[in-house]
Amino acid sequence: MNKDERDLRLEMLNSLLTTPHRQLEKVAEIHKLIVELDPLFYGHLAVWYQRNGDVRDHKEVFIGNLLTSPVIEHRDAGFVMLQEFPPYQVSRIVDFMKQHQNKLPRSARTAVTRYLKAREKNPQFFDRAAARGRKAMKHLYAGLHIKPGARADAVLFKEKPPEDSLAFMLKRLAKAESPAEQAAIIVEHNIPYTVAVGAVKQLTPAVLVALINSMSPQEIINNLKSLQTRGAMDHPDVKALIDEKLDKAAKSDRVSAFKARVAADVTELDEATAAKLERVTNEQVKKRGAIAKATALLIDKSGSMENAIEVGKRLASLISGISQADLFVYAFDTMPYPVKAEGKDLTDWEKAFKLIRAGGGTSCGCAVEAMRLKKQAVEQIILVTDEGENAAPYFADAYTTYCRDLAVMPNVVLIKVGHISGYVEAQLKAKQVPVETFTFAGDYYSLPNLVPLLSRPSRLELLMEIMETSLPVRDDK
């Protein structure tokens, strides 16, 4: 494996952390490079990320590239994996292939046809897919010139849905006069919240109860702000139902690890509900792996490093929740500030960081020197910084002394934030110190993507796990 190929794999893993949502063009280039230079690794990575990743954009680009790949095994894997996506993502995958790949192979069109026909075979399955993704499904049929079946045509194109269809029930719901009648229709036909809110003129407590009962834990989290805006949190019975769903979310296998935290950030919630969302995040993160290595988290608090402090406190919460060994947390400018939390939740770390303010010069090595003096031996060091060192002790020098005096050689994971200088990484590489780098510029709820790296002895072990992930095989040719 030559250096360029090795660096490209690391860059790909870095990209999985840093890419914001809804910006496919920013992920397309790195995908294109690695699928061309290392198609074997790319296929396994696509399947591994589908099972372990959170960022939808990456999942869509993976499938688009697999479906347009010259490698038969890629196309077959893409064919199988496409069937698992909701309609709006299948529509985005098709558009990606057309706009970024400038092609839509026959096998990809067959995969979409199979996808649509599989839903048509089950009227209830089709109705719910059409209700949630009406625009996307119309786009797939029309854009690929796929002839819809009689029911699909009536529901999507003729605007004359059969009386036993969900679309017909939505028309009834819109015409219903009383909240009791609306609630009865919602309960009887399990009408999704996002669809029903557009049909119901007034969301009374009775209607809200009916809607919330039909929602999954993830749907509750996704729509918390909407529910709050519509008064759901003001009614004790309705609020109790929401709390019950949030309790289930912590144990669910179909809840995104940090979406709960994002929901808490964008919604003004009472303390108890915010705590439940935090618990959901913590429980979901625990499923990603446990950290068995003693760890140091060092956070740059020098001038203009507010973003590093925010990333640091979230990482502290994430790591402390899954750590089975010592965790030492320091903020630093030109001197170290030990940070200790009373608990493991984000609110505990927010309290611990309450008096930490960005300001001062930068000595990335001062916290390492403090750990040396206190004989705090660790197996990995996570450094959150822009690398703008301007004061001694410098990180690379302090690291060398630390390793010598404590007889350890911890892995270094460099989380780059802000206006990056590259200085610390260059100094470490000059001393031949292995360093993993991540440029953080994405959504906070992508941070759990770090867990597979932090919970394994090395990046090599993570790469081996990816390579051992089998590609699904199409068995219907």
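You'll find the structure just up there.
Residues numbered from 1 in each chain as written. Predicted model: local features only at pLDDT ≥ 70, side-chain atom pairs only at ≥ 80, totals over all residues. Heavy atoms only, no water.

1. Regarding the state of the cysteines
Then, in step 1: One pass over the full model with this rule turns up 0 disulfides.
Then, in step 2: Sulfur of Cys-366: no disulfide; nearest cysteine sulfur belongs to Cys-364 and is 8.0 Å away.
Then, in step 3: For Cys-366, a relative accessible area of 6% puts it in the buried group.
Then, in step 4: The thiol of Cys-403 is not disulfide-bonded; the next cysteine sulfur, from Cys-364, is found 16 Å away. (Disulfide = S-S within 2.5 Å. Buried < 20%, exposed > 50% of the residue type's maximum accessible area, 1.4 Å probe, protein only.)

2. A short note on helix α24 (residues 423–430)
Spacing of three or four residues puts side chains on the same side of an α-helix, whose turn is 3.6 residues.
Then, in step 1: Regarding α24, the residues found buried are Val-424, Glu-425 and Leu-428. Looking down the long axis of α24, one finds its buried residues gathered within 100° of arc, a one-sided arrangement.
Then, in step 2: Elements that come into contact with the buried residues of α24 comprise β4 (380–385), α23 (395–406), β5 (411–416) and β6 (435–439).
Then, in step 3: Directly beyond the C-terminal end of α24, a positive phi value near 60° is found at Gln-432. (Helix = DSSP H or I, 4+ residues; strand = E, 2+ residues; numbered from the N terminus. Arc of directions from axis to C-beta. Contact = heavy atoms within 4.5 Å.)

3. A few points about the packing of helix α17 (residues 236–249) against helix α19 (residues 271–286)
Then, in step 1: Running from amino to carboxyl end, α17 crosses α19 at an angle of 15°, the nearest separation of the two axes being 8 Å. Considering the angle they form, α17 stands roughly parallel to α19. Remark: the crossing between α17 and α19 carries left-handed chirality. Between α17, through Lys-239, Asp-243, Leu-246, Asp-247 and Ala-249, and α19, the contact on the second element is made entirely by Thr-273, Lys-276, Leu-277, Arg-279, Val-280 and Gln-284.
Then, in step 2: Of the residues assigned to the contact of α17 with α19, the class counts are 4 nonpolar, 2 polar and 5 charged. (Axes fitted to C-alpha atoms, helices over the stretch in contact; angles between N-to-C directions. Parallel < 35°, antiparallel > 145°, perpendicular 65-115°, else oblique. Left-handed = near helix turned anticlockwise from the far one by under 90°. Nonpolar A, V, L, I, M, F, W, Y, C, P; charged D, E, K, R; others polar.)

4. Some words on the side chain of Glu-219
Then, in step 1: Mapping Glu-219 onto the fold places it in helix α15 (residues 217–222).
Then, in step 2: Those residues in contact with Glu-219 that sit more than four places away from it in its chain are Arg-132 and Ser-214.

5. Comments concerning unusual backbone geometry
Then, in step 1: The omega angle of the peptide bond from Ala-392 to Pro-393 is 0°, so this bond is cis rather than trans.
Then, in step 2: Its location among the elements puts Pro-393 in the loop between β4 and α23.
Then, in step 3: Positive phi, normally seen in glycine, also occurs at Glu-387, with a value near 70°.
Then, in step 4: Residue position: Glu-387 is located in the loop between β4 and α23.

6. Concerning the side chain of Lys-276
Then, in step 1: Within the secondary structure layout, Lys-276 lies in helix α19.
Then, in step 2: When its relative accessible area of 17% is taken as the criterion, Lys-276 is described as buried.

7. Looking at the pattern of salt bridges
Then, in step 1: Per the counting criterion, the structure on display carries 21 salt bridges.
Then, in step 2: The shortest N-O distance in the salt bridge between Arg-92 and Glu-60 comes to 2.8 Å. In this pair, Arg-92 is assigned in helix α6 (residues 87–100) and Glu-60 in helix α4 (residues 56–67), connecting sequence segments 32 residues apart.
Then, in step 3: Residue Glu-60 is classed as buried on the basis of its relative accessible area, which comes to 1%.
Then, in step 4: Residue Asp-153 is joined to Lys-158 by a salt bridge in which the shortest nitrogen-to-oxygen separation is 2.6 Å.
Then, in step 5: Residues joined by salt bridges that share partners form a network here, namely Glu-369, Arg-372, Arg-404 and Asp-405. (Salt bridge = Lys/Arg side-chain N within 4 Å of Asp/Glu carboxyl O.)

8. Considerations on the sheet that holds β4
Then, in step 1: Read from one edge to the other, the open sheet built from 6 strands follows the order β3-β2-β1-β4-β5-β6, with strand pairing classed as mixed. The open sheet is flanked by β3 (336–338) and β6, the only strands paired with a single partner. For this sheet, the mean angle separating the axes of adjacent strands, direction not counted, is 20°.
Then, in step 2: Strand contacts of α24: β4, β5 and β6, with the helix running at about 165° to β6, the strand carrying the most contacts. (Pairing = 2+ DSSP bridges.)

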